[in-house]
Amino acid sequence: MSQAAFTAALLDAAQPAPEGLIGPTGAPAGKRYDIYRNNVAVGLAEALEVAFPAIRKLVGPEFFRAMSGVYLRRHPPRTPLMMHYGQDMPEFLAGFPPVSHLPYLPDVARIELAVRAAYHAADDSPLTPEALAVEPERLATMTFAPTAAVRSVGSRYPAASIWRAQMAGGAPGMGPELALISRPGFDVEVDVLTGGAAEVALALL
């Protein structure tokens, strides 16, 4: 039995257990493998539920659970750190026919990924007024960078306010939006920007 065969069958319940599996007593371990395979699938599906709560609300728990089963078989984890699992969700949703009538879903997923990335980003010290107390000629050449947690996700749909409506209530917007994600303290914040405010934020970033 190869490791590749073990892994391939692990994420596909339609495949039989790999040949050559034995338990501690030397007996065939097909049933043990099936239990393990089920636990892996359940664990990955639960990780996706934690990562994409707004998507889960938008499509419904049952549909999300079924969709997660399709996703995890197409996109196995790349790392043992489950906080990174689901990076391919936006592209998956964009090509998943059952949700083609919800074209904003991929951008909502991008916002959820950005929120998670901001939460786990390194701590940074924000700029203080004292830092600007420099000679005028030096001030003219200074450049600034956003803190590590800052992210932005633009969408031609009101994806940011759709995300906020699912997470905190309220009504979605009506047009293109920019989600500006930051972590000024311990909690991640998402500001919904439109029009000129979005253009200024992007220019500053």
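Up top you'll find the structure we're talking about.
Below or above, wherever it landed, is the structure these notes cover. Since this is a predicted model, take the numbers as computed values, not measurements.

## Structural notes on the packing of aromatic side chains
Applying the stated rule across the entire model yields four aromatic pairs. Note on Tyr71 and Tyr85: the rings are 5.8 Å apart at their centroids and 65° apart in plane angle, and the pair reads as edge-to-face. Separated by 14 residues along the polypeptide, Tyr71 in helix H4 (residues 61-74) and Tyr85 in the loop between H4 and helix H5 (89-94) bring together distant segments of the chain. Across this residue pair, the class does not change: Tyr71 and Tyr85 are buried. Taking 5.2 Å as the distance between ring centres and 85° as the angle between the ring planes, the aromatic pair formed by Tyr71 and Phe92 counts as edge-to-face. In this pair, Tyr71 sits in helix H4 while Phe92 sits in helix H5, placing the two residues 21 residues apart along the sequence.

## Structural notes on the pattern of salt bridges
On inspection of all chains with the given rule, the structure shows four salt bridges. Note that Arg56 and Glu49 form a salt bridge whose closest N and O atoms lie 3.9 Å from each other. Assessed through its relative accessible area of 27%, Arg56 is described here as partly exposed. A relative accessible area of 24% places Glu49 in the partly exposed class. Salt-bridge contacts for Asp123 lead to Arg183; the nearest nitrogen and oxygen are separated by 2.7 Å.

## Concerning the environment of Pro172
With respect to the element layout, Pro172 can be found in the loop between helix H8 (159-168) and strand S2 (177-182). The sequence separation of Pro172 and Ala160 amounts to twelve residues, and the corresponding C-alpha distance is 8.1 Å. Once you skip the residues sitting within four places of it in the chain, Pro172 turns out to touch Ser161, Ile162 and Ala165.

## Points about the sheet that holds strand S3 (residues 189-193)
In sheet architecture, strand pairing relies on hydrogen bonds along the backbone and comes in two forms, parallel and antiparallel. As summarised here, the arrangement of the three strands in space is S1-S2-S3, forming an open sheet in which the pairing is antiparallel. Each edge of the sheet is formed by a strand with only one pairing partner; in this case those strands are strand S1 (151-155) and S3. Here the strands of the sheet are splayed against their neighbours by 20° on average, with no regard to which way each runs. Examined bridge by bridge, S2 and S3 share five bridges and lie antiparallel to one another. The residue of S3 that forms the bridge with Ala179 is Val192. Seen against the sheet, helix H6 (residues 105-120) touches S1, S2 and S3 and runs at an angle of roughly 175° to S1.

## Notes on the environment of Pro53
Within the secondary structure, Pro53 sits in helix H3 (residues 53-59). By relative accessible area, Pro53 is classed as partly exposed at 25%. Between the C-alpha atoms of Pro53 and Trp163, which are 110 residues apart in sequence, the distance is 9.3 Å. Look past the residues within four positions of Pro53 in its chain and what remains in contact with it is Glu112 and Met167.

## Details of the nonpolar core
Among the nonpolar cores identified, the biggest contains 41 residues, and Phe52, Ile55 and Leu93 are the most heavily contacted of them. Sorting the residues of this core by element identifies helix H2 (30-51), H3, H4, H5, H6, H8 and S2 as the ones contributing at least two each. Every residue in contact with Phe52, bar those within four places of it in the chain, is listed here: Phe64, Gly86, Met89, Ala109, Glu112 and Leu113. Counting residues in hydrophobic clusters, the runner-up holds five residues, among them Leu180, Leu193, Ala198 and Ala201.

What counts as what
- Residues numbered from 1 in each chain as written.
- Predicted model: local features only at pLDDT ≥ 70, side-chain atom pairs only at ≥ 80, totals over all residues.
- Heavy atoms only, no water.
- Phe/Tyr/Trp six-rings, centres within 6.5 Å; stacked < 30°, edge-to-face > 60°.
- Helix = DSSP H or I, 4+ residues; strand = E, 2+ residues; numbered from the N terminus.
- Buried < 20%, exposed > 50% of the residue type's maximum accessible area, 1.4 Å probe, protein only.
- Salt bridge = Lys/Arg side-chain N within 4 Å of Asp/Glu carboxyl O.
- Contact = heavy atoms within 4.5 Å.
- Pairing = 2+ DSSP bridges.
- Axes fitted to C-alpha atoms, helices over the stretch in contact; angles between N-to-C directions.
- Core = buried A, V, L, I, M, F, W, Y, C linked by side-chain atoms within 4.5 Å.

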